[in-house]
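Close look at the chain arrangement
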Amino acid sequence: MSTWQEKAASKRTKLLSSIPAAWILPPPTNQSPRPNDVRGIPKECGILNEKELVITDEDEIEVVLNKVKMGEWSSEEVVTAYCKRAAVAQQLTCCLTEPLFDRAIARAKELDEHLRSTGEVVGPLHGLPISVKEQFDIKGVESTMCFVSRIGFISQESATMVTLLESLGAVIHCKTHVPQTLLCDESVSNVFGRTLNPWNTDLTAGGSSGGEAALLAMKGSPIGVGTDLGGSIRKPSSFCGLYSLRPTSRRLPYHGASNIFLGAEALESVCGPMARSLNSVAKFMSAIVDAKPWELDAKVVERPWAGREDVKEKKCFAVMWNDGLVKCHPPLERGLNEVAAKLREAGHEVVEWTPLDHAGAQEIVSQIFDADGGEDMRQLLGDSGEPILPQIFTSQHPAMSMHQSWQLNKKRDAYRQLFLQTWMSTKARQGGTTGRPVDAIICAMAPHLAAPHLETPRPGGLITYTTVWSLLDLPCYTFPVGVVDPAKDPQPEPGSYKPLSEVDKENWEGYSPELYENAPIVLQLVGPRRFAEDELLGLGRDIEVALGK
């Protein structure tokens, strides 16, 4: 009988063998070591031709879709280009779990034939390659969820999201890496290894959608689908310089996807797009919602895409400079200041948002994660012998009784009510000019940039910048604003800041522009109204305009 190590090694060998020999990079040598920033290697390696580089460098999926529809690019050309770049990305960052290149190219040929014979596209995403997080089952494809116990498990049905995407003409060309158990700020597993950040491979790509983020940062996919429980779309997007959307729960179809905590509803995981532009995020959302996913997934709320992204009026943005627990790294503070200044210059109102007991909110979140005492994790690990990695969040308490979980839900609902009352009270703010409560809240995704690789779980005090909004179940959008600049973001002078706690002290003193070289600066826009993702992306567009993008 094979050991868990042998099973994992065999799976990695199988993955590598699925990459055509012509797409394999030469190994680095002492004379030719790879740089920490590996994003330029696809252009230098010679695996992609000039047209394939042009195709994969296009950040707007609308441009790709139009060129395919008009016949300037074939679906086969587009899909092949992205398969090649995904293969290169895998070799540099360990971002894939299931390369589906042959399957994808075969489907692209079918789509080309359909367009040639009918003159019509299959749907609004005709010929567009899309990557999906490992959780999204695809009929006939192995679904490990990055557990050794699930190696060899073949999905009998596709997740609803996959079925819907393919019905709209999209081509799934790969599945992407997640951490063991999904409960980690770093995408590392015993099955596949550790995902690296393409901007600086000494830094983490985040978790749990870290494979998806690394692939997109390498331009190995034009758009992908991740999932988010406590920040698993937003943090990897932040660390890898991406646009993304964490929708309200039950906004998009999740049925049929594999997951940890399936059946738990005190705090629900959501799925959403990760991309290289705001317009691509909006196109994805409108395509999916216009397809009436509530007719395919019983949990999806029936709410059409209202098309309110382009409302032109003065807005009020509230800036949360920190969470009251841990101060942000200097580059993040600079990003917040620059965005606030540009919004004011554009004629918008900018006020301060005071955080609402983030410590108390995080305690509720931690107890929700601990509610089963780790039983679900133990069942997924099975009898494989696979050990829990040291970076993984694990349960610290025994399982709750039903009555105890009800009391926890009451605390969650009380916190949501407190937020609603606080937000509504901003309508009467002093000096307010819009006659409305604040339209959105701008903040960081974490008090730190993409961090050096983890060897222990991320402290709870460092994750409230995302978990609080998950507890409130509010839509959140991420947008890049720059990268670390040593001239603008020097290491603070000793004693220039008095930390609030030991965690705050370690985070603040741990920053240096050398350690965080080339790390992206990405901020988060939080919508105070559930299911108003179209409005939130409209506010995101206001920010893009103010920044001159």
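The structure we're discussing is the one just above.
Okay, so let's go over this structure. Just so you know, these numbers come straight off a predicted model, no measurement behind them. Numbers given for residues are sequential positions, taken from 1 along each chain in its written order. Restriction of local features to residues with pLDDT of at least 70 applies here, the model being predicted, together with a cutoff of 80 or more for giving and counting side-chain atom pairs; totals for whole chains, interfaces and linings are based on all residues. By convention in this description, side-chain values take in all heavy atoms of the structure and omit both hydrogens and water.

**Some points on helix H12 (residues 358–369)**
How we decide: Counting from the N terminus, the helices are the DSSP runs of H or I reaching at least four residues and the strands are the DSSP runs of E reaching at least two. Every helix has an expected span of 1.5 Å times one less than the residues it contains. The cut-offs for exposure are 20% and 50% of the maximum accessible area for each residue type, with area from a 1.4 Å probe on protein chains only; residues under the lower value are buried, those over the upper are exposed, and the others partly exposed. When we speak of the arc, we mean the arc of directions from the helix axis to the C-beta atoms. The contact definition used throughout considers only heavy atoms, calling two residues in contact when any of these lie within 4.5 Å.
Helix length check: H12 (twelve residues) gives 16 Å between terminal C-alpha atoms against 16 Å at 1.5 Å per residue, within 8%. Of all the positions in H12, only His358, Ala361, Gln362, Ile364, Val365 and Ile368 are classed as buried. With its buried residues spanning 155° around the axis, H12 presents them on a single face. Those residues of H12 hidden inside the fold are in contact with helix H14 (402–425) and helix H15 (464–472).

**Re unusual backbone geometry**
Backbone geometry follows two general trends: most residues other than glycine have a negative phi, and most peptide bonds adopt the trans configuration. In this model, Gly207 is joined to Ser208 through a cis peptide bond whose omega is 10°. On the secondary structure map, Ser208 appears in the loop between strand E5 (193–194) and helix H8 (210–217). In the Ramachandran plot, Phe531 falls in the positive-phi region, its phi being about 65° despite a non-glycine side chain. One can find Phe531 in the loop between strand E13 (520–526) and helix H17 (533–546).

**Quick notes on the environment of Lys11**
Here Lys11 shows up in helix H1 (residues 4–17). Sequence separation of Lys11 and Val191 is 180 residues, and the distance between their C-alpha atoms is 7.1 Å. For Lys11, the contacting residues outside a window of four places in its chain are Thr97, Glu98, Glu142, Thr144, Ile151, Val191 and Phe192.

**Looking at the nonpolar core**
Our working definition: Side-chain atoms within 4.5 Å link the members of a nonpolar core, which is a set of buried Ala, Val, Leu, Ile, Met, Phe, Trp, Tyr and Cys residues.
Formed by 120 residues in total, the largest nonpolar core has its most connected members in Leu165, Trp353, Ile442, Trp469 and Leu525. Counting residues per element, this core draws most heavily on helix H10 (residues 278–290), at eight residues. Setting aside residues no more than four positions away along its own chain, Leu525 makes contact with Phe317, Ala440, Ile441, Ile442, Pro475, Cys476, Tyr477, Phe479, Leu536, Leu539, Gly540 and Ile543.

**Focus: the packing of helix H5 (residues 75–93) against helix H6 (residues 101–118)**
Inclusion rule: Lines fitted to C-alpha atoms define the axes here, with helix axes fitted over just the stretch in contact, and angles between the N-to-C directions of these axes take values from 0 to 180 degrees. An angle below 35 degrees is read as roughly parallel, one above 145 as roughly antiparallel, one from 65 to 115 as roughly perpendicular, and any other as oblique. Two helices crossing with the near one rotated counterclockwise from the far one by less than a right angle form a left-handed crossing, whereas a clockwise rotation gives a right-handed crossing. Put simply, Ala, Val, Leu, Ile, Met, Phe, Trp, Tyr, Cys and Pro go in the nonpolar bin, Asp, Glu, Lys and Arg in the charged bin, and everything else, Gly too, in the polar bin.
Where H5 meets H6, the axes come as close as 8 Å, and the angle between the chain directions of the two elements is 165°. When the interaxial angle is binned, H5 and H6 end up roughly antiparallel. When you trace H5 past H6, the crossing you get is right-handed. Where H5 abuts H6, its residues Ser75, Glu76, Val79, Thr80, Cys83, Ala86 and Ala87 lie against Phe101, Ala104, Ile105, Ala108, Lys109, Leu111 and Asp112. Of the residues belonging to the contact of H5 with H6, the class tally is nine nonpolar, two polar and three charged.

**Quick notes on the sheet that holds strand E3 (residues 171–176)**
Put simply, the rule is: Pairing between two strands is assigned when DSSP locates at least 2 bridges connecting them.
Reading across the sheet, the eleven strands line up as E1-E3-E2-E6-E8-E7-E12-E13-E11-E9-E10 and stay open at both edges, with mixed pairing between neighbours. Either end of the sheet is taken by a strand with one partner, and the two such strands are strand E1 (96–99) and strand E10 (349–352). The sheet shows a mean angle of 25° between the axes of neighbouring strands, taken without regard to direction. For strand E2 (residues 129–133) and E3, the ladder comprises five bridges, and the chain directions are parallel. Bridge pairing in E3 places Val132 opposite Lys175. Packed on one face of the sheet, helix H11 (residues 330–345) meets strand E9 (316–319), E10, strand E11 (440–444), strand E12 (476–483) and E13 and runs near 55° to E13.

**Thoughts on the pattern of salt bridges**
Using the following cut-off: Basic side-chain nitrogens of Lys or Arg form a salt bridge, by our definition, when they fall within 4 Å of a carboxyl oxygen of Asp or Glu.
The final tally for this structure, using the stated rule, is 43 salt bridges. Between Lys43 and Asp57 there is a salt bridge, with its nearest N and O atoms 3.3 Å apart. A residue pair is termed long-range when its members are at least 10 positions apart, and Lys43 in helix H2 (residues 41–44) and Asp57 in helix H3 (residues 50–57) qualify at 14 residues. In this structure Asp57 comes out as partly exposed when scored by relative accessible area, which is 23%. Among the salt bridges present, the one from Glu345 reaches Lys342, with a minimum N-O distance of 4.0 Å. On the criterion of helical spacing, the pair formed by Glu345 and Lys342 is a turn pair, its members being three residues apart in helix H11. The network of salt bridges with shared partners includes Lys43, Asp57, Asp59, Arg85, Lys219 and Arg276.

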